[in-house]
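Remarks on the overall topology
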Amino acid sequence: MKNILLIISVLLFALSCDVIDGNVLENEGIPGPVDTTGNDTVEKSFAKKILIEEYTGHKCGNCPGGARTVADLKAQDQYKDKLVVISVHAGSLANWAPPGAPKFTTNFTTAVGDALDQEFGVSLTGIPRGLVNREEISGSKLVLPGTFEQSIQDILDEPNTFVAITGNLSFDENTKTISASISSHFNAIVYEDLNISVYVTEDSVIDWQKNYVNTGDPNYPVGDIEEYVHMHVLRGSMNGTWGDLLNESAGKSIEEGASISKAFTYQLEDGNDPYFCNVIAFIYDTETDAIVQVREWHLKDIID
């Protein structure tokens, strides 16, 4: 069975263009040795998962408090398998110092994060703030960390969705390239236009972070922390900021029972630790921005 799935994956890659950091490249085939032990193509779940996009900056002393809120939510049994998190470093509090400065010299920002911040106006409103499935809550998509949980519960009141996401991932250690074949499976007809985006994040990045008293993270000392552990750091996208249309064409419905597969590649940058990197695929309504399903894979599960 694995051999059959591998052949299908190779064919999908052969029929697709590769996208690295938003630049469309000619497909040169799967580079080097690949590991397909991350194959989970047979697992389909229509249970709704939730994406929290948490906006932050290493010079934002209140932001460790927001990150702590997210970490505490993910630690709860009722949420730990339902929440996926992306930390977007953007805005003036994410600015970095020039090389040779004593601290805050790392650039955590990305072109994707900057585009998202500009679209949703998060850093101009003030961080820490976030979006929960990009759904409007009380007339706004921007949510303070203190209201993340209520937003999550409101969305989980409708626990199932109409689409399941499965994936077949591999990693080439020689080229530091992630290859992903992502499939979307529908159990109802869909009339809306849906896009799929595939992002890459990294956990356990140790670097400087400001931390304020009262509004910061009480697990860290107050002040400038040299060895703060940054989690869920957005590193880039496999298919641009806004992703690819799943419908055959804009305005054309997706039939019940349809399965749509797309292939992507992404080359990690120097300094990224693949063991702590993750691939996140999410599907959203192009008119409302609302996310209808999300799925996360940890590269360590493939590398191990």
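Refer to the preceding data block for the structure.
Residues numbered from 1 in each chain as written. Predicted model: local features only at pLDDT ≥ 70, side-chain atom pairs only at ≥ 80, totals over all residues. Heavy atoms only, no water.

Some thoughts on the packing of aromatic side chains
Summed over all chains, the structure comprises seven aromatic pairs. Measuring from ring centre to ring centre gives 6.4 Å for Phe162 and Phe186, while their planes differ by 20°; the resulting arrangement is stacked. One end of the pair, Phe162, is in the loop between helix 5 (148-156) and strand 6 (163-172); the other, Phe186, is in strand 7 (residues 177-186), and 24 residues separate them in sequence. The interplanar angle of 90° and the centroid separation of 5.1 Å between the aromatic rings of Tyr199 and Phe282 together place this pair among those described as edge-to-face. Remark: Phe282 occurs in strand 14 (residues 277-285) and Tyr199 occurs in strand 8 (residues 194-202); sequence separation between them is 83 residues. The same class applies to Tyr199 as to Phe282, namely buried. Cluster of aromatic residues (ring-pair linked, three or more members): Tyr199, Phe282 and Tyr284. Positioned over the ring face of Tyr284 is Arg134, at 5.5 Å from the centre of the ring. (Phe/Tyr/Trp six-rings, centres within 6.5 Å; stacked < 30°, edge-to-face > 60°. Helix = DSSP H or I, 4+ residues; strand = E, 2+ residues; numbered from the N terminus. Buried < 20%, exposed > 50% of the residue type's maximum accessible area, 1.4 Å probe, protein only. Lys NZ or Arg CZ within 6 Å of the ring centre and 35° of its normal.)

Description of the nonpolar core
Within the largest apolar cluster, 28 residues are counted, with the highest numbers of intra-cluster contacts made by Ile178, Ile182, Phe186, Val198, Met238, Leu246 and Ile283. The set of elements that each furnish at least two residues to this core consists of strand 6, strand 7, strand 8, strand 13 (259-267), strand 14, strand 15 (291-298) and helix 6 (299-303). In this structure, Leu116, Phe120, Ile127 and Leu142 belong to the second largest nonpolar core, which totals 22 residues. (Core = buried A, V, L, I, M, F, W, Y, C linked by side-chain atoms within 4.5 Å.)

Focus: the pattern of salt bridges
In this structure the tally under the stated criterion is nine salt bridges. One salt bridge connects Arg134 with Glu53, and the closest N-O pair in it is separated by 2.8 Å. Taken together, the residues span a long stretch of sequence, with Arg134 in the loop between strand 5 (129-132) and helix 5 and Glu53 in strand 3 (residues 50-56) at a distance of 81 residues. The two residues Arg134 and Glu53 agree in class, both being buried. Salt bridges linked by common partners bring Arg68, Asp72 and Asp217 together as one network. (Salt bridge = Lys/Arg side-chain N within 4 Å of Asp/Glu carboxyl O.)

Some thoughts on the side chain of Gln293
Relative to the helices and strands, Gln293 is located in strand 15. Exposure remark for Gln293: the relative accessible area of 2% places this residue in the buried category. Among the polar contacts made by the side chain of Gln293, one reaches the main-chain amide nitrogen of Lys49 at a distance of 3.0 Å. With sequence-adjacent residues up to four places away left out, Gln293 is seen in contact with Ser45, Phe46, Ala47, Lys48, Lys49, Thr161, Val163, Ile165, Ala281, Phe282 and Ile283. (Polar contact = N/O pair within 3.5 Å; in protein donor to acceptor, adjacent residues only side chain to side chain. Contact = heavy atoms within 4.5 Å.)

Some words on the state of the cysteines
Enumeration according to the criterion identifies one disulfide in this entry. With a sulfur-sulfur separation of 2.2 Å, Cys60 is cross-linked through a disulfide to Cys63. When the S-S torsion is 85°, as for the bridge of Cys60 with Cys63, the disulfide is right-handed. Of the residues examined, Cys60 reaches a relative accessible area of 2% and is grouped as buried. On the accessibility criterion, Cys63 (1% relative accessible area) is buried. (Disulfide = S-S within 2.5 Å.)

Digging into helix 5
For helix 5, every residue scored as buried is listed here: Phe148, Ser151, Ile152, Ile155 and Leu156. Across the axial projection of helix 5, the buried residues extend over an arc of 130°, all falling on one side. At its buried positions, helix 5 is contacted by strand 3, helix 2 (63-75), strand 4 (83-89) and strand 5. (Arc of directions from axis to C-beta.)

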